[in-house]
Amino acid sequence: MMKRRTALSALGAATLAAAALPARAQGTTRIVFGFTAVTDFASVFVAKEEGYFGKRALDVEPKFIPLNSTIPAALQSDSLTIGGPTPSVFLQAVDGGLDLVLVAGGGLTSKSITGFGLVARAGSGIKNAQDCVGKKIGVPGLGAFLHVTFRAWLKDQGVDYRKVNFVEAAFPQHADLLRGGSVDAVVSADPFMSRITESGAGYVASYYSTFLPEGNQTIVHAARREWAEKNPQAVRAFRESLVEAAAFMAQPKNDARVRAAIGKYIKLPPDVLAKVQVSPPGPVVTDKQLAYWVGLMKDQDMLKGSPDVARLIAR
């Protein structure tokens, strides 16, 4: 009888323990996260590799997306749970009728960052904004961050951007397009920009990004509103994970681990990884930051309506 009672007690304790443990496992939220090949996603990579998602019951699967402009459609079709479009791609998608909200932010603009710019084909003669008139320039996503900010720079320099021919080209294609003469220049970013200049296929005509104001989002993390409203705890956990990752990134002693996390997901060779600039993280998106992008896009006639930025950020 004693043995039987002991066995039953042990079974009861094991059952309770099993019920408690799966409570976390069963409560784990799976998230397929879409990213492009830029360091602005570093906080997501760090949160994944340092276990910040896991300890908050999030099972995050990073998924590479070649073109940033395709991320909203992937969110709408449920191919992605959360994705990182640029603010302009996000706002255009919302303006076009997609019901998306922001759950967190990625990288931020900084005048110290020279990791992207206008890269001209060797022999093209392009040296300044005026030289771009009539030229064919590749951008990694029509309506995305680099396209919109480059047009803003052209306008700031007194150039009508409508006189420039823009074509969409993913980052990995930039070097080949320049070498083949298909485009006169590309608006590119590291590590692709460095590879182009080191190979002699092109040269940096302008680090135009330094004209941008400090502290505005370069990447935002969006989800369908329906999903965000059904999973408020997961939304908070995702954002809190990135806040913790940002604090980790801020400590110089962690630089090697941050770069290792970046290299794992955007496949950088060690020599490039060691030199690439990492955008400062901005895990929390504010109304003011999003309003900046609305103003910039309205100035370029990219939005039909006037979005309520407060309603576009999941709290």
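Provided above is the structure to which this section pertains.
(A) Region of the structure containing the overall build of the protein. Of the regular secondary structure elements, the protein holds twelve helices and ten strands. Once the C-alpha set of the protein is aligned to its principal axes, its extents read approximately 95 × 45 × 30 Å. Split into buried and exposed, the 315 residues of the protein put 52% on the buried side. Per element, the accessible surface of the protein, about 14000 Å² overall, is 54% carbon and sulfur. Here the protein holds 36 positive side-chain charges and 27 negative ones, and the gap between their average locations is 6 Å.

(B) The arrangement of the pairing of strand β10 (residues 220–224) in detail. Burial within β10 is extensive, with five of its five residues counted as buried. Two elements, strand β4 (residues 100–105) and β10, share five bridges in a ladder whose sense is antiparallel. From the neighbouring strand, Ala104 faces β10, where its bridge partner is His221.

(C) Examining the pairing of strand β6 (residues 136–139) more closely. Taken together, the four bridges between β6 and strand β7 (residues 165–168) define a ladder with parallel strand orientation. What sits directly across from Ile137, in β7, is Phe166. Handedness of the crossover joining β6 and β7 through helix α5 (residues 145–156) is recorded here as right-handed. One ladder, built from two bridges, connects β6 with strand β8 (residues 185–189); its direction is parallel. Residue pairing across strands places Gly138 opposite Val186, the latter belonging to β8.

(D) Representation of the sheet that holds β6 within the structure. If you walk across this open sheet you meet the five strands as β7-β6-β8-β5-β9, and the pairing is mixed. Each of the sheet's edge strands pairs with one partner strand only, and the pair in question is β7 and β9 (202–206). Shown here is a sheet whose adjacent strand axes are inclined to one another by a mean of 35°, direction ignored. Sitting on the sheet, helix α7 (residues 192–199) is in contact with β5 (116–121), β8 and β9, with an inclination near 130° to β8.

(E) A look at the packing of helix α4 (residues 87–95) against helix α12 (residues 287–299). At a closest axis distance of 10 Å, the pairing of α4 and α12 adopts a crossing angle of 75°. It follows from the interaxial angle that α4 and α12 lie roughly perpendicular. Residues Pro87, Ser88, Phe90, Leu91 and Gln92 of α4 form the contact with α12, whose own contacting residues are Leu290, Trp293, Val294 and Met297.

(F) Molecular detail of the packing of aromatic side chains. Applying the stated criterion across every chain yields a total of 19 aromatic pairs. When the ring of Tyr292 is compared with that of Trp293, the centres are 5.7 Å apart and the planes differ by 80°; the resulting orientation is edge-to-face. Residue Tyr292 is classed as partly exposed on the basis of its relative accessible area, which comes to 24%. Exposure remark for Trp293: the relative accessible area of 2% places this residue in the buried category. The residue whose ring lies beneath Arg162 is Tyr161, and the NZ or CZ to ring-centre distance is 5.4 Å. For Arg195, the ring lying beneath its charged end belongs to Phe192, and the centroid distance is 5.7 Å.

(G) Layout of the side chain of Asp190. With respect to the element layout, Asp190 can be found in the loop between β8 and α7. One buried charge, Asp190, has no salt-bridge partner; the nearest side chain with opposite charge is Arg195, at 8.3 Å. Within the local environment of Asp190, its side chain forms a polar contact with the side chain of Ser194, the two groups lying 2.5 Å apart.

(H) Geometry of the nonpolar core. Counting 94 residues, the largest nonpolar core has Phe90, Leu91, Leu118, Ile137, Phe150, Leu154 and Phe238 as the members making the most contacts within it. The element best represented in this core is helix α9 (residues 232–249), accounting for eight residues. Not counting the four nearest positions on each side in its chain, Leu91 is found in contact with Leu290, Trp293, Val294, Met297, Leu303, Pro307 and Leu312. In terms of nonpolar packing, the next biggest core, distinct from the first, is built from eight residues, Val119, Ala175, Leu178 and Val183 among them.

(I) Structural context of α5. With twelve residues, α5 ought to run about 16 Å at 1.5 Å a step, and its terminal C-alpha atoms sit 16 Å apart, in line with that. Within α5, ten of the twelve residues are buried, which leaves it mostly tucked inside the rest of the structure. Here α5 has its buried residues at Phe145, Leu146, His147, Val148, Thr149, Phe150, Arg151, Ala152, Trp153 and Leu154. One or two residues past the end of α5 sits Gly158, with phi positive at roughly 85°.

(J) Expanded view of the environment of Val258. In this structure, Val258 sits in helix α10 (residues 255–266). Considering only alpha carbons, one finds Val258 and Ala47, 211 residues apart in sequence, at a separation of 9.8 Å. In contact with Val258, not counting residues within four places along its chain, are Val46, Phe248 and Met249.

(K) Inspection of the pattern of salt bridges at higher detail. Scanning the model with the defined rule gives 18 salt bridges in all. Residue Glu240 is joined to Arg56 by a salt bridge in which the shortest nitrogen-to-oxygen separation is 3.7 Å. With Glu240 in helix α9 and Arg56 in the loop between α2 (42–49) and β2 (58–64), this residue pair connects regions lying 184 residues apart in the sequence. Assessed through its relative accessible area of 42%, Glu240 is described here as partly exposed. Residue Arg56 is classed as partly exposed on the basis of its relative accessible area, which comes to 23%. A salt bridge links Glu226 to Lys230; the shortest N-O distance between them is 3.2 Å. In this pair, Glu226 and Lys230 are both assigned in helix α8 (residues 225–230), four residues apart and thus about one turn of the helix distant.

Conventions and cut-offs
Every chain's residues receive numbers from 1 upward, in the order its sequence appears when written. Local features are withheld for residues below a pLDDT of 70 in this predicted model, meaning they are given only at 70 or higher, and side-chain atom pairs are given and counted only at 80 or more; totals for whole chains, interfaces and linings count all residues. Only hydrogens and water are removed before side-chain values are computed, so all heavy atoms of the structure are retained for them. Numbered from the N terminus, helices here are DSSP runs of H or I no shorter than four residues, and strands are runs of E no shorter than two. Any residue under 20% of the maximum accessible area for its type is buried, any over 50% is exposed, and the rest in between are partly exposed; the area is computed with a 1.4 Å probe on protein chains only. Note on areas: Shrake-Rupley, 1.4 Å probe, and residue coverage restricted to the protein chains presented here. Charge assignment in this entry is limited to Lys and Arg as positive and Asp and Glu as negative, and neither His nor the chain termini are counted. Charged groups are reduced to one reference atom each: NZ for lysine, CZ for arginine, CG for aspartic acid, CD for glutamic acid. If DSSP finds at least two bridges between two strands, the strands pair. Crossovers are described as right-handed under a simple rule: with the strands pointing away from the observer, the path leading from the first strand over the helix to the second runs clockwise. Axis geometry follows a simple rule: fit a line to the C-alpha atoms, using only the stretch in contact for helices, then measure angles between N-to-C directions, giving values from 0 to 180 degrees. Working rule for contacts: check all heavy atoms of both residues, and any pair within 4.5 Å makes them a contact. For classification, angles of less than 35 degrees are called roughly parallel, those exceeding 145 degrees roughly antiparallel, those between 65 and 115 degrees roughly perpendicular, and all remaining angles oblique. Within 6.5 Å between ring centres, the rings of Phe, Tyr and Trp (the latter by its six-membered ring) count as paired, and their orientation is classed by plane angle as stacked under 30 degrees, edge-to-face over 60, tilted in between. In this analysis the charged atom, NZ for Lys or CZ for Arg, is taken to sit over a ring once it is within 6 Å of the ring centre and within 35 degrees of the ring normal. Only one rule defines a salt bridge in this text: a Lys or Arg side-chain nitrogen within 4 Å of an Asp or Glu carboxyl oxygen. N or O atoms closer than or at 3.5 Å make up a polar contact, with two conditions inside protein: a donor-capable atom paired with an acceptor-capable one, and, for residues adjacent in sequence, both atoms drawn from side chains. Residues belong to one nonpolar core when they are buried, are Ala, Val, Leu, Ile, Met, Phe, Trp, Tyr or Cys, and are joined through side-chain atoms within 4.5 Å. Expected span, for any helix, means 1.5 Å times one less than how many residues it has.

That is the geometry; function is a separate question.
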